[in-house]
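These are the residues of each chain, in order.
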Amino acid sequence: MRGDAFDPDCPTRLILDRIGDKWSVLVVLSLAGGPRRFTELRRRIGGVTPKVLTQTLRTMERDGLLTRHVFAEVPPRVEYALTPLGLSLGRPIQAITDWAEEHVEAVVAARARHDGLPG
């Protein structure tokens, strides 16, 4: 069954909310190269609080986008990795990220013009 993003009752909108969230996007990009520990993710992403990153990781795990692996070590070690479903997001998210990085100057200039600021 295929969803319909224009149907207000379709769960597709919940998925679009998840993959449209900036923290989820940055987690996918950060894990695209392989598993990472929480502190590595937090350092790589930058600007995210531990609480928000924890909530994002839990939600992404619930949605089947990543796995959380706890190693039986002292101190405990936890790694996060993308599932095949999460990996399938890599290409579209990378394409959007590439577009954003390529066009950031034009968007910032457009905002400045719109707001009447020197730009």
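The text that follows walks through the structure, step by step, so that each part is easy to find. In this text the structure is predicted, and so the values were computed from the model without any measurement.

### A closer look at the environment of Asp21
Turning to its location among the elements, Asp21 is positioned in the loop between α1 (12–20) and α2 (22–31). Put simply, Asp21 and Pro35 are 14 residues apart on the chain and 20 Å apart in space, counted from C-alpha to C-alpha.

### Digging into unusual backbone geometry
Cis geometry marks the peptide bond from Val74 to Pro75; its omega dihedral reads -5 degrees. By the element assignment, Pro75 lies in the loop between β2 (66–71) and β3 (77–82).

### Focus: the packing of aromatic side chains
Under the counting rule described, the total for this entry stands at 0 aromatic pairs. A cation sits over an aromatic face here: Arg77 above Phe71, 3.7 Å from the ring centre.

### Points about the nonpolar core
Formed by 18 residues in total, the largest nonpolar core has its most connected members in Val27, Leu31, Leu53, Leu57, Leu66 and Tyr80. Elements represented by at least two residues in this core include exactly α2, α3 (38–45), α4 (50–62) and β3. Here this core takes 5 residues from α2, the largest share from any one element. Setting aside residues up to four positions removed in sequence, Leu53 forms contacts with Val27, Phe38, Leu41, Arg42, Ile45 and Val48.

### Considerations on the sheet that holds β3
Sheet architecture is open: 3 strands sit in the order β1-β3-β2, paired in antiparallel fashion. Each of the sheet's edge strands pairs with one partner strand only, and the pair in question is β1 (36–37) and β2. By the bridge criterion, 2 bridges tie β1 to β3 in an arrangement that is antiparallel. Paired with Arg36 across the bridge in β3 is Tyr80. Sitting on the sheet, α2 touches β1, β2 and β3, and the angle it makes with β3 is about 95 degrees.

Thresholds, definitions, all that
Residues numbered from 1 in each chain as written. Predicted model: local features only at pLDDT ≥ 70, side-chain atom pairs only at ≥ 80, totals over all residues. Heavy atoms only, no water. Helix = DSSP H or I, 4+ residues; strand = E, 2+ residues; numbered from the N terminus. Phe/Tyr/Trp six-rings, centres within 6.5 Å; stacked < 30°, edge-to-face > 60°. Lys NZ or Arg CZ within 6 Å of the ring centre and 35° of its normal. Core = buried A, V, L, I, M, F, W, Y, C linked by side-chain atoms within 4.5 Å. Buried < 20%, exposed > 50% of the residue type's maximum accessible area, 1.4 Å probe, protein only. Contact = heavy atoms within 4.5 Å. Pairing = 2+ DSSP bridges. Axes fitted to C-alpha atoms, helices over the stretch in contact; angles between N-to-C directions.

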